[in-house]
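# Survey of secondary and tertiary structure
Letter by letter, the chains look like this.
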Amino acid sequence: MGDINNYWTSPPDRMVHGGMGRCDITILQPPFEVDARGLPGNDAVRAREFARSFGAVDEVLEELGARPANEVLYPAERADLDVILAGAWGNVLGISDPALADNGNNTPLLYEVGRLREQFPDARIVGRVEVDCGESHTEDIVWLPDGAMFHASGWPGMDPWELAGDPHAVAAALGITDQMLEDIDVDLDAEPEEVEWADFVSLALGEADPWSWPQPEASVFRVRHTETYTRRMERLFIPGD
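Bear in mind that the values here come from a model prediction, so they are computed numbers and not experimental data.

Each helix and strand in the protein chain was counted, giving 6 helices and 9 strands. For the protein chain, the C-alpha radius of gyration of 17 Å lies close to 18 Å, the compact-globule estimate for 241 residues. Seen along its three principal axes, the alpha-carbon backbone of the protein chain occupies a region of about 55 × 40 × 30 Å. Sorting the 241 residues of the protein chain into buried and exposed places 49% on the buried side. For the protein chain, long-range pairs separated by at least 24 residues make up 73% of all intrachain contacts whose partners lie at least 6 apart in sequence. In the structure as shown, the protein chain presents an accessible area of about 10700 Å², 47% of it carried by carbon and sulfur atoms. If the 17 positive side-chain charges of the protein chain are averaged to one point and the 46 negative ones to another, these points end up 10 Å apart.

This part covers a negative patch on the surface. A cluster of acidic side chains, namely E130, D132, E135, D178, E182, D183, D185, D187, D189, E196 and D199, defines a negative patch on the protein surface. Among the secondary structure elements, those contributing two or more residues to the negative patch are β5 (124-132) and α4 (178-183). Residue contributions to the negative patch peak at 3 residues, all from α4. Relative to the helices and strands, D189 is located in the loop between α4 and α5 (197-205).

Before going further, it helps to examine the sheet that holds strand β9 (residues 217-225). What the 9 strands build is an open sheet, ordered β2-β9-β3-β4-β1-β5-β6-β7-β8; its pairing is antiparallel. Of all strands in the sheet, those bounded by a partner on one side alone are β2 (57-68) and β8 (161-165). Across the sheet, the mean angle separating the axes of adjacent strands is 15 degrees when strand polarity is ignored. Here 8 bridges tie β5 to strand β6 (residues 136-143), and the two strands are oriented antiparallel to one another. Counterpart to D132 in the pairing with β6 is S136. Across the sheet, helix α6 (residues 227-237) lies against β1 (19-28), β5 and β9, angled at about 95 degrees from β9, the strand it touches most.

This part is about the pairing of β6. In terms of burial, β6 is largely enclosed, as 7 of its 8 residues are buried. Bridge count between β6 and strand β7 (residues 149-154): 6 bridges; the pairing is antiparallel. Following the sheet pairing, T138 is matched in β7 by G154. Remark: 5 residues form the turn of the hairpin made by β6 and β7, two consecutive strands paired antiparallel; G147 in that turn has positive phi of roughly 100 degrees.

Below, the discussion takes up the nonpolar core. In this structure, I25, I27, F54, L116, F221 and F237 are the most contacted members of the largest nonpolar core, which totals 40 residues. Residues in contact with L116, not counting those within four places in the same chain, are I25, I27, F50, F54 and I125. By size, the runner-up hydrophobic cluster in this structure holds 33 residues, among which are V34, L73, V142 and V186.

Turning our attention to the pattern of salt bridges. Going through the model one piece at a time under the given rule, you end up with 14 salt bridges. For the salt bridge of D35 with R37, the shortest nitrogen-to-oxygen distance reads 3.1 Å. Classification of D35 as partly exposed rests on a relative accessible area of 26%. Given the relative accessible area of 44%, R37 is considered partly exposed. As a salt-bridge pair, R78 and D82 come within 3.1 Å of each other at their nearest N and O atoms. Taken together, the shared-partner salt bridges in this structure form one network comprising R22, D24, R128 and D209.

Here we come to the confidence of the model for the protein chain. Here the protein chain averages 92 in pLDDT, while 97% of its residues score no lower than 70. Ranking the helices and strands of the protein chain by mean pLDDT puts helix α1 (residues 44-53) first, with 98, and β1 last, with 89.

The next thing to look at is the environment of I238. Along the polypeptide, I238 turns up in the segment after α6. Between the C-alpha atom of I238 and that of H17, which follows or precedes it by 221 residues, the distance is 6.0 Å. Setting aside anything within four residues of it in sequence, one finds I238 in contact with W8, S10, R14, M15, H17, R78 and M233.

Procedures and definitions
Residues numbered from 1 in each chain as written. Predicted model: local features only at pLDDT ≥ 70, side-chain atom pairs only at ≥ 80, totals over all residues. Heavy atoms only, no water. Helix = DSSP H or I, 4+ residues; strand = E, 2+ residues; numbered from the N terminus. Rg over C-alpha atoms; globule rule 2.2 N^0.38 Å. Buried < 20%, exposed > 50% of the residue type's maximum accessible area, 1.4 Å probe, protein only. Contact = heavy atoms within 4.5 Å. Areas by Shrake-Rupley, 256 points an atom, 1.4 Å probe, with all protein chains shown as cover. Lys, Arg positive; Asp, Glu negative; His and termini not counted. Charge placed at Lys NZ, Arg CZ, Asp CG, Glu CD. Patch = residues over 30% accessible without salt bridge, like charges linked within 9 Å, V, L, I, M, F, W, Y side chains within 5 Å. Salt bridge = Lys/Arg side-chain N within 4 Å of Asp/Glu carboxyl O. Pairing = 2+ DSSP bridges. Axes fitted to C-alpha atoms, helices over the stretch in contact; angles between N-to-C directions. Core = buried A, V, L, I, M, F, W, Y, C linked by side-chain atoms within 4.5 Å. pLDDT = per-residue confidence, 0-100.

Next comes the structure, spelled out in structure tokens:
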């Protein structure tokens, strides 16, 4: 197919540098105590609408079927960066988008979760992003309906590190005990670069985490990202082009 995204300057078959792990946002609306394996099937119409409304997306261009939500997208060439996952499973919405990846110059996850909080003020919103830029860079966030939140962004094991909000307040609001933290080897009082924040934020979803199981399935879409996000991905994944 031709290059349907006119914001890119590199060709669709250009090899992508670096690698990507999780790159997802989950919106858990009440009731919060659900098991992802028992969620309703994906509503493809709602999923498309959610993808279309996502801040990083300019337009949904094509639906590419469905795949298990736990199958992480691994872009190999530039055209793969236009592919996202979105799901609408009853009271749970989710999106996985490579546009959320960053190398520390911006905080796209924080920005997009902030936008989603305005749209879903009663939801528990959780985001996790990991990208390999020679070294791993992570960005993680939890934002609760009562306003408690924390956001962490940086390079594990290295300074500098950006930490905002209060992870202790989030843990207390969710009933996350010291024993639960000890079980996953997380010390919230350690230096931020030494904490596995993705493991901590996963506790905020618990069994409701749709990205940890082969069920449910998510819709796959090819999209045109906004110009801002396209340029950012090009700098991150196709340096020197």
